Amino acid sequence: MAVGVLALQGSFNEHIAALRRLGVKGVEIRKPEQLQSVTSLIIPGGESTTMAKLAEYHNLFPALREFVKMGKPVWGTCAGLIFLANKATGQKSGGQELIGGLDCTVHRNFFGSQIQSFEAELPVPQIADKEGGPPTFRAVFIRAPAILEVGPEVVVLADIPFSSNKADDPNLALESTEGSTGSGERVIVAVKQGNLLATAFHPELTADTRWHSYFLKMVDEVGEGASSSICAVGGEFQKSRTDLPVYQ
């Protein structure tokens with residue numbers, strides 16, 4: 001198995017290293033034609049505006065949109081989440097081009113600037129059920145976005161409590177996971193919709209590879225589904241052939 005990693009800017013090397021620890025090859029993707037060599041893709045964290053400008057320069061957006069429309073597994077982390085969202089708010093003047101496909105609204109830099117980056121223990125019951133390990137994940141948020149709204153087909157995998165005073169001190173979001181009563185406001189930071197996965201944080205910057213393993217299982221499931229379809233078509237073809245009259 002080989003997984004494509006968009007390598008325009010940001011933490012693509014860290015994703016490739018995490019995949020390597022799981023015995024999987026990561027392939028750097030910089031040009032549209034390179035997408036033809038992979039069946040899945042990770043869009044890493046980085047500076048989303050810069051990544052968008054580079055993607056536009058290399059004419060990648062049409063190929064990336066087609067990749068998503070074909071139902072191939074794609075995982076976006078941080079800036080990658082912004083890329084995959086159908087709608088983004090809090091953008092710089094003029095906005096930025098998006099790939100789309102993920103039925104959600106994302107707020108860019110929801111948690112503040114670079115100096116307001118933080119870590120938090122996120123409850124991740126669905127990840128723990130499928131991948132084992134502890135019930136929480138130590139998530140790294142760097143100039144992180146957040147998901148404000150999701151469509152009916154989007155599954156929420158993780159959220160985090162936050163304070164309405166987060167603009168003054170985003171680390172108040174950390175009053176979260178331990179001892180939270182559940183009565184405060186929460187914001188979504190990880191979702192799945194079909195073959196799309198998105199996280200507002202950076203799993204590639206930790207030693208915990210469960211999110212990468214979770215994504216690889218998504219890739220495997222798509223591959224198995226394609227094989228089953230081929231077998232089913234082949235079986236139907238064989239049946240139709242045996243129903244034909246035999247000519248001597």
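Cut-off values and rules
Residues numbered from 1 in each chain as written. Predicted model: local features only at pLDDT ≥ 70, side-chain atom pairs only at ≥ 80, totals over all residues. Heavy atoms only, no water. Helix = DSSP H or I, 4+ residues; strand = E, 2+ residues; numbered from the N terminus. Contact = heavy atoms within 4.5 Å. Areas by Shrake-Rupley, 256 points an atom, 1.4 Å probe, with all protein chains shown as cover. pLDDT = per-residue confidence, 0-100. Buried < 20%, exposed > 50% of the residue type's maximum accessible area, 1.4 Å probe, protein only. Arc of directions from axis to C-beta. Core = buried A, V, L, I, M, F, W, Y, C linked by side-chain atoms within 4.5 Å. Salt bridge = Lys/Arg side-chain N within 4 Å of Asp/Glu carboxyl O. Phe/Tyr/Trp six-rings, centres within 6.5 Å; stacked < 30°, edge-to-face > 60°.

## Considerations on the overall build of the protein
Now for step 1: Across its full length, the protein carries 6 helices and 12 strands.
Now for step 2: In the protein, 70% of the contacts between residues at least 6 apart in sequence involve partners at least 24 apart.
Now for step 3: Of the accessible surface of the protein, which amounts to about 12,000 Å², a share of 52% is contributed by carbon and sulfur atoms.

## Structural notes on the confidence of the model for the protein
Now for step 1: With 80% of its residues at a pLDDT of 70 or more, the protein shows a mean pLDDT of 84.
Now for step 2: Note on residues 228-248: pLDDT is under 50 here. Beyond four places in sequence and across chains, it has 0 contacts.

## Re helix α3 (residues 61-69)
Now for step 1: Turning to α3, its buried residues are Phe-61, Leu-64, Phe-67 and Val-68. Angularly, the buried residues of α3 cover 120° about the axis, an arc narrow enough to put them on a single face.
Now for step 2: Those residues of α3 that are buried are in contact with β3 (41-43), α2 (48-57), β4 (74-77), α4 (79-84) and β12 (196-199).
Now for step 3: Looking one or two residues past α3, Gly-71 carries a phi angle of roughly 80°, positive in sign.

## Notes on the nonpolar core
Now for step 1: Counting residues in each nonpolar core, the largest one holds 71 residues, and the members touching the most others are Phe-111, Phe-141 and Trp-211.
Now for step 2: With 6 residues, the top contributor of residues to this core is helix α6 (residues 210-242).
Now for step 3: Apart from the residues lying within four places of it in its own chain, the contact partners of Trp-211 are Trp-75, Val-124, Ile-127, Phe-137, Leu-157, Ala-190, Leu-197, Thr-199, Phe-201 and Pro-203.

## Quick notes on the side chain of Thr-209
Now for step 1: Take Thr-209: it is sitting in the loop between β12 and α6.
Now for step 2: Looking at Thr-209, the relative accessible area reads 18%, which means it is buried.
Now for step 3: Residues in contact with Thr-209, not counting those within four places in the same chain, are Ala-18, Arg-21 and Leu-22.

## Some words on the environment of Leu-216
Now for step 1: Secondary-structure assignment places Leu-216 in helix α6.
Now for step 2: Counting along the chain gives 214 residues from Leu-216 to Ala-2, while the straight-line C-alpha distance between them is 10.0 Å.
Now for step 3: Beyond its immediate chain neighbours, meaning those up to four positions away, Leu-216 contacts Met-1, Val-3, Leu-19, Leu-22 and Val-24.

## Notes on the pattern of salt bridges
Now for step 1: Inspection of the entire model under this criterion finds 10 salt bridges.
Now for step 2: Ionic pairing is found between Arg-138 and Glu-119, a salt bridge with its closest N-O pair at 3.2 Å. Taken together, the positions of Arg-138 in strand β8 (residues 136-141) and Glu-119 in strand β7 (residues 118-123) put the pair 19 residues apart, joining distant regions of the chain.
Now for step 3: Relative accessible area serves as the criterion here: at 39%, Arg-138 is assigned to the partly exposed category.
Now for step 4: Among the ionic contacts, a cluster of salt bridges with common partners joins Glu-47, Arg-108 and Arg-143.

## Things to note about the packing of aromatic side chains
Now for step 1: This model, assessed by the stated rule, comprises 12 aromatic pairs.
Now for step 2: On the numbers, 6.3 Å between centres and 70° between planes, the contact of Trp-211 with Tyr-214 is edge-to-face. Of the two residues, Trp-211 and Tyr-214 both sit in helix α6, 3 residues apart, roughly one turn of that helix.
Now for step 3: On the basis of relative accessible area, Trp-211 is assigned to the buried category, the value being 0%.
Now for step 4: Assessed through its relative accessible area of 6%, Tyr-214 is described here as buried.

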